[in-house]
Amino acid sequence: MIQSIDIEAFGRELDTIQKDVKASLGDRDRQYIKRAITVQRSLAMGGRALIFASLPLMPAFPLFLGVIGAGTAALGVSKILENMEIGHNVIHGQWDWMQDPEIHSSTWEWDNVCPADQWKHSHNVVHHTWTNVLGRDRDVGYEILRVSEKQAWKPVHLAQPVYNAMLAMMFQWGVAMHDVDPREPHLMAGKLAGIGKKAGKQLMKDYVLWPLLAGPMFLPVVLANLVANGMRNLWTYAIIFCGHFPDGARVFTEDEVANETRGGWYLRQILGSCNITGGPLFHVMSGNLSHQIEHHLFPDMPSNRYPAVAPRVEAVCAKYGVPYNKGSFARQLGTTLRTIFRLALPSRRRAVAA
Amino acid sequence: MSKVASLLSRLGDVAGLIATPLVPSEYVALVWPLAASRARKARVEAVHDEAPGVRTLTLRPGRGWRAHRAGQHVQVGLAIDGRVTTRTYSISSAPERSDGCITITVKAQPGGRLSRVLVEQITVGTFLTVGLPSGDFVLTQTSRPLFITAGSGITPIASMIRSAAARGQVPEITHVHYARTPADEIFGEELRTLQVDHPAYKFIVVHTAHGRRRFDELVPDWRVRETWACGPQGLLEDVERVFAAAGRSDALHVERFRPKLAPLPANTEGGRVRFATSGVEVRADGRTALLQVSEAAGLALRHGCRMGICHSCDTILTSGCVRDLRTGASIDEPGTRIQICVCAAAGDVELQENT
Ligand code: FES
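Residues numbered from 1 in each chain as written. Chains lettered and ligands numbered in written order. Predicted model: local features only at pLDDT ≥ 70, side-chain atom pairs only at ≥ 80, totals over all residues. Heavy atoms only, no water.

1. What about the overall build of chain B?
We count it as follows: Labels follow the DSSP assignment, with helices taken as runs of H or I lasting at least four residues and strands as runs of E lasting at least two, numbered in each case from the N terminus. Only protein chains enter the accessibility calculation, which uses a 1.4 Å probe. A residue is then buried if its area is under 20% of the maximum for its type, exposed if over 50%, and partly exposed in between. Residues are treated as being in contact if the distance between any of their heavy atoms lies within 4.5 Å. Residue exposure ignores everything except the shown protein chains as possible cover, and the areas themselves are Shrake-Rupley values with a 1.4 Å probe.
A tally of helices and strands in chain B yields eight helices and 17 strands. For chain B, the C-alpha atoms occupy an extent of roughly 65 × 60 × 40 Å along the three principal directions. The buried share of chain B, taken over its 355 residues, is 49%. Intrachain contacts of chain B at a sequence separation of at least 6 include 65% that bridge at least 24 residues. Summed over all atoms, the accessible surface of chain B reaches about 16,700 Å², with 50% contributed by carbon and sulfur.

In structure tokens:
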């Protein structure tokens with residue numbers, strides 16, 4: 001790691017930032033999440049209404065396409081908001097401080113085939129505790145991709161550009177299977193059953209019940225819902241892959257993190273995470289995971305606070321000479337995809353020593 | 001249930017999946033909050049000042065409400081500074097009320113988080129979250145009840161009396177009510193009128209600022225009456241002592257209308273920690289996280305990161321005060337979910353742990 005910095009002083013500065021935000025949470029934050037939920041649910045309803053409104057317009061085909069396209073886009077955007085700015089963040093406990101039984105990590109379920117309780121384990125516990133530690137964090141390449149030279153090459157990786165593309169399109173299924181760990185065979189059946197139950201309801205909603213309401217116009221509704229879910233899959237894939245795989249993000253070995261202090265844990269979160277620059281709308285649409293560094297430092301801080309906290313974190317990093325990885329969406333996604341293509345082949349150089 | 005009905009309800013469940021993972025009513029609640037069925041809501045329909053610092057709120061509960069039994073209480077919640085604060089209040093209206101509304105009568109407590117807002121700031125049209133009526137402080141089939149109330153402790157009893165009057169079946173009630181001064185009386189005028197219309201009801205008001213009278217003189221036959229008492233802690237302790245001494249504890253029903261609040265300890269060097277679910281009680285210091293305390297006591301509670309980021313260890317604080325070791329902030333709101341991997345005891349604590 002980075003030697004020669006006073007890592008505990010560094011950690012204390014970050015603690016102070018967290019403390020300041022916790023102390024200042026109040027009604028404005030509550031209004032933010034309430035409004036986000038209202039907007040998202042209204043978009044979902046509006047999108048579905050537009051999809052239905054388009055059906056009688058079928059004879060005027062371009063008009064039909066325009067209306068069903070708008071409806072599908074609205075539904076897709078609502079699903080993105082639901083999964084990212086709302087679901088992911090509520091399930092992290094970011095809004096638990098409100099003590100509101102309606103918006104609480106203990107009861108929240110999201111519009112995704114992955115059951116929230118499994119996500120809490122695979123993501124909140126495993127990924128956020130063991131961020132980028134090889135052999136511990138199953139988010140490093142999601143167990144199937146080689147995203148770091150430190151991972152040994154296997155022939156199957158030759159096909160990774162292909163299955164990476166498949167993962168992107170069906171990302172919610174990848175998320176759902178994430179907690180099913182072959183190393184824990186005794187838990188697998190229960191987890192698969194949980195996924196089956198959740199996925200059954202999700203599929204029933206989007207591909208049976210809503211289409212049935214359209215009667216003979218079943219098919220356009222199925223397609224619209226498929227596209228909306230697909231939009232969400234691609235977008236969440238892109239944002240999440242920009243979190244830890246762009247050039248410059250570090251991975252760690254278990255030895256490196258043995259006896260890690262709180263300051264050391266903070267440092268690892270920063271070195272292993274990448275931010276994406278962009279405007280306010282982009283940040284909201286990314287669930288503020290464009291502030292991946294801040295999210296990893298403070299996973300249960302309300303996401304609406306990350307934008308204001310980011311410059312403070314960056315300043316602390318600058319003061320201690322800690323690299324702070326941020327770049328445009330194109331840069332972060334581009335270098336991620338390049339790595340996935342490159343590392344499909346065995347590395348010519350020897351693995352970079354830690 | 002008949003076969004048809006059960007089939008219909010199954011069909012209803014399937015149709016409800018159209019909103020999964022929500023329920024359809026959550027979409028209706030976007031425009032009509034009372035439709036919410038997961039978290040029940042009530043709309044403030046009217047406010048009425050009863051006495052200085054005491055206000056009656058008329059509430060219209062939404063979907064999923066069930067009628068209360070006179071004497072029962074209900075949990076009421078409102079977001080204050082973004083945090084939902086929940087308190088329990090007795091319902092003061094009679095279940096016979098026909099407009100579907102209930103009333104609660106709230107006294108502003110000094111330092112009270114919710115009560116002061118309800119009394120001083122709440123406006124008509126506000127939506128509160130409400131639980132369902134509960135509690136077994138209800139009237140039994142007795143012909144000669146005795147009611148002892150003080151201050152806003154009169155609220156559940158008012159519901160019983162109003163209910164009896166509404167049904168036209170008022171038993172031979174003796175009701176002793178303590179208020180500081182005439183101006184502090186709650187429902188005084190109404191109950192005096194009721195006494196005129198229903199002579200079986202006897203209403204005795206004692207103004208404590210003007211001195212007390214011996215209870216034996218007020219109600220000479222108290223030993224043969226089944227008794228319901230509600231009021232401040234001090235009064236209830238006195239009543240309990242007197243009834244116990246007379247061997248009449250069985251005939252006494254008590255409602256504590258204000259929970260015992262944990263006094264914030266000045267010295268916060270740990271305390272006794274009780275894990276209510278498993279019944280384990282241990283001493284803890286003020287620096288050791290409660291998760292470690294539980295493990296040292298032989299419990300295996302659910303947890304994940306052990307460093308305050310994953311919320312797997314969230315546990316309900318039922319009473320007492322804990323300190324968040326990261327921020328030093330103290331948490332003493334009963335019902336809060338606390339992260340036991342980063343919180344330590346600040347005084348005596350009771351937790352309701354998941355196992
Ligand atoms: S164990 Fe993760 S927050 Fe307590």
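Back to the write-up after that little detour.
2. Thoughts on the domain arrangement of chain B
All names here are of chain B. Worth spelling out the cut-off: In this entry, domain limits derive from an automatic or database-based domain assignment. Note on terms: buried area is the combined drop in 1.4 Å-probe accessible area of two parts once they are placed together, counting the loss on both. Just to be clear on terms, a salt bridge is a Lys or Arg side-chain nitrogen sitting within 4 Å of an Asp or Glu carboxyl oxygen. Amino acids outside the nonpolar list (Ala, Val, Leu, Ile, Met, Phe, Trp, Tyr, Cys, Pro) and the charged list (Asp, Glu, Lys, Arg) are all regarded as polar, and Gly is one of them.
The domain architecture assigned to chain B consists of domain 1 (1-38), domain 2 (39-135), domain 3 (146-255) and domain 4 (271-352). Each of domain 1 and domain 2 was reduced to a C-alpha centroid, and the two centroids are 27 Å apart. Every contact between the two is made by seven residues of domain 1 and, on the other side, 10 residues of domain 2. Counting each side, the surface lost to burial between domain 1 and domain 2 is near 700 Å², with a carbon and sulfur contribution of 64%. It is Pro33, Leu34 and Ala36 that lose the most area in domain 1 upon contact with domain 2, and together they represent 66% of the buried surface on that side. Our count for the contact surface shared by domain 1 and domain 2 stands at zero salt bridges. Residues belonging to the side of domain 1 that touches domain 2 are distributed by class as follows: four nonpolar, two polar and one charged.

3. Regarding the interface of chain A and chain B
It is common to report an interface's size as the accessible area lost on association of the parts. Contacts between the two partners involve 41 residues from chain A, matched on the other side by 33 residues from chain B. Here chain A meets chain B over a buried area of about 3,100 Å², counting both sides, of which 62% is carbon and sulfur. When the buried area of chain A at its contact with chain B is split by residue, A:Arg41, A:Gln99 and A:Glu102 rank highest and sum to 19% of it. For the pair chain A and chain B, the number of links is one salt bridge.

4. Remarks on the nonpolar core
Test applied: Here, nonpolar core refers to any group of buried Ala, Val, Leu, Ile, Met, Phe, Trp, Tyr and Cys residues whose side-chain atoms link them within 4.5 Å.
The biggest cluster of nonpolar side chains holds 80 residues, and the ones touching the most others in it are A:Phe10, A:Leu14, A:Phe241, A:Phe298, A:Val313 and A:Val322. If one sorts the elements of this core by residue count, helix H13 (residues 306-320) of chain A sits on top with seven residues. With 22 residues, the next largest nonpolar core counts B:Val54, B:Phe137, B:Tyr201 and B:Trp228 among its residues.

5. Quick word on the pairing of strand S13 (residues 280-284) of chain B
Residue and element names in this part refer to chain B. As a reminder of what qualifies: Being paired, for any two strands, means DSSP has found at least two bridges between them.
Bridge count between strand S12 (residues 271-275) and S13: five bridges; the pairing is antiparallel. Considered in S13, the bridge of arginine 274 is made with glutamate 281. Count of turn residues in the S12/S13 antiparallel hairpin: four residues, of which glycine 279 carries a positive phi of about 75°.

6. As for H13(A)
Residues and elements named next belong to chain A. Here is the rule we go by: An expected span of 1.5 Å times one less than the residue number is assigned to each helix. This arc is built from the directions going out from the helix axis to the C-beta atoms.
Over its 15 residues, H13 extends 21 Å from the first C-alpha to the last, a length consistent with the 21 Å expected when each residue adds 1.5 Å. Those residues of H13 that sit buried are Tyr306, Val309, Ala310, Val313, Val316, Cys317 and Tyr320. One side of H13 carries all its buried residues, which in axial view fall inside an arc of 135°. The outward face of H13, more than 90 degrees from its buried face, is lined by the exposed residues Ala308, Ala318 and Lys319. Those residues of H13 that are buried are in contact with helix H1 (7-24), helix H10 (262-272) and helix H12 (292-297). Looking one or two places after H13, you find glycine 321, whose phi comes out positive at around 70°.

7. Topic: unusual backbone geometry
The residue after B:Thr20, namely B:Pro21, is reached through a cis peptide bond having omega 5°. Mapping B:Pro21 onto the fold places it in the loop between helix H1 (3-16) and helix H2 (24-28). Notably, A:Asn259 is not glycine yet its phi reads approximately 60°, a positive angle. Tracing the backbone through its elements, the reader meets A:Asn259 in the loop between helix H9 (254-257) and H10. Judged by its relative accessible area of 77%, A:Asn259 is exposed.

8. Thoughts on the sheet that holds strand S10 (residues 227-231) of chain B
All names here are of chain B. Threshold: Think of each axis as a best-fit line through the C-alpha atoms, taken over the contacting stretch in the case of a helix, with angles from 0 to 180 degrees between the N-to-C directions.
Strand order across the open sheet formed by five strands is S9-S8-S7-S10-S11, with parallel pairing between neighbours. The sheet is open, and its two borders are formed by strand S9 (201-207) and strand S11 (252-256), each paired with just one other strand. Adjacent strand axes in the sheet meet at a mean angle of 15°, parallel and antiparallel pairs treated alike. Relative to S11, S10 is paired through five bridges, and the arrangement is parallel.

9. Some thoughts on the sheet that holds strand S6 (residues 127-130) of chain B
All names here are of chain B. Across the sheet, six strands lie side by side as S4-S3-S6-S1-S2-S5; this open sheet has antiparallel pairing. If you trace the sheet from one side to the other, it starts and ends with strand S4 (83-90) and strand S5 (102-107), each paired once. Across this sheet, the average inter-strand angle for adjacent strands is 40°, counted without regard to direction. Bridge analysis of strand S1 (residues 41-51) against strand S2 (residues 54-61) gives eight bridges, and the strand direction is antiparallel. Its bridge partner lying in S2, alanine 46 is registered against threonine 58.

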